[in-house]
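# Working through the structure, step by step
Each chain, letter by letter, is given below.
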Amino acid sequence: MQTGETATTEGDARPAPPADRYGSPAKAGSKRWKRWVFAAVAVVASFAVAWIAYVNLGAASIDAERVAFEPRPGNAMEITINVTRDDPDKAGVCVVRVQDRSGAESGRREVLVPAGAGHSRVSTVVKSIGEPVTADVYGCSYSIPRYMSTP
């Protein structure tokens, strides 16, 4: 081949680049499978992230709301909570706490919520280290500690 001449491949209108300069042309399908594998991995990873977010951030199956609290003598406070759950046949446990003037937690108690209606009202007294000024619900769960379960 002389300089200035272009080489063409049979049946192709475009000139083929010199193989010694650019290497041999790649096959059209050689990278296509990599794209499919990448797309499949991306879809699986997206579903995994969505499932984990749903499980951890989705609606709670048992939840409580503070209804009332009232100071009691001896650095104690009575708290009344409404418990709502999706499975009334399962017992649950809620953690309630009291706070002092600085906002620090000064007392905590776990309250067993027996199986029964989907909506339950439970009252308990929480002892405090200092003088409590407020009480609230920390959270609820169906995972009852062994020392609270009945034989």
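Rules behind the numbers
Residues numbered from 1 in each chain as written. Predicted model: local features only at pLDDT ≥ 70, side-chain atom pairs only at ≥ 80, totals over all residues. Heavy atoms only, no water. Pairing = 2+ DSSP bridges. Helix = DSSP H or I, 4+ residues; strand = E, 2+ residues; numbered from the N terminus. Axes fitted to C-alpha atoms, helices over the stretch in contact; angles between N-to-C directions. Core = buried A, V, L, I, M, F, W, Y, C linked by side-chain atoms within 4.5 Å. Buried < 20%, exposed > 50% of the residue type's maximum accessible area, 1.4 Å probe, protein only. Contact = heavy atoms within 4.5 Å. Polar contact = N/O pair within 3.5 Å; in protein donor to acceptor, adjacent residues only side chain to side chain. UniProt positions renumbered as here; feature names shortened; annotations may be inferred.

Right, let's talk about the sheet that holds strand β1 (residues 62-72) for a bit. Paired through backbone hydrogen bonds, the strands of a sheet run either parallel or antiparallel to each other. Reading across from one edge, β1-β2-β5 is the order of the 3 strands in this open sheet, with antiparallel pairing throughout. The open sheet has two edge strands with one neighbour each: β1 and β5 (119-127). The sheet shows a mean angle of 20° between the axes of neighbouring strands, direction not considered. Pairing of β1 with strand β2 (residues 76-85), which is carried by 10 bridges, proceeds in the antiparallel orientation. In the sheet register, E70 faces β2, and the bridge partner there is E78.

Ranked by size, the top nonpolar core spans 16 residues in total, and within it A64, I79, I81, V83, C94 and V96 carry the most contacts. Broken down by secondary-structure element, the contributors of at least two residues to this core are β1, β2, β3 (92-99), β4 (105-113), β5 and β6 (134-141). Of all the elements, β2 adds the most residues to this core, at 4 residues. Excluding residues within four positions of it along the chain, V96 makes contact with I79, I81, G107, R108, R109, V111, T124, V126, D136, V137 and Y138.

Take the sheet that holds β3 next. Here 3 strands make up an open sheet; going across it, the order is β4-β3-β6 and the pairing antiparallel. The open sheet has two edge strands, β4 and β6, and neither has a second partner. Taking each pair of neighbouring strands and ignoring which way they run, the sheet shows an average axis angle of 20°. Pairing of β3 with β6, which is carried by 7 bridges, proceeds in the antiparallel orientation. Each residue of the ladder has a partner; that of V96, found in β6, is V137.

What follows concerns the environment of T134. Summarising the element assignment, T134 is placed in strand β6. Leaving out residues up to four positions away in the same chain, T134 has contacts with R66, F69, M77, R97, V98 and Q99. Reaching out from T134, the side chain makes a polar contact with the side chain of R66 at a distance of 3.4 Å.

Glancing now at the UniProt feature "transmembrane region" (unreviewed entry) in the protein. The feature "transmembrane region" (unreviewed entry), as given by UniProt, occupies residues 36-54 in the numbering adopted here. A helix fraction of 100% and a strand fraction of 0% characterise residues 36-54, whose end C-alpha atoms lie 27 Å from each other.

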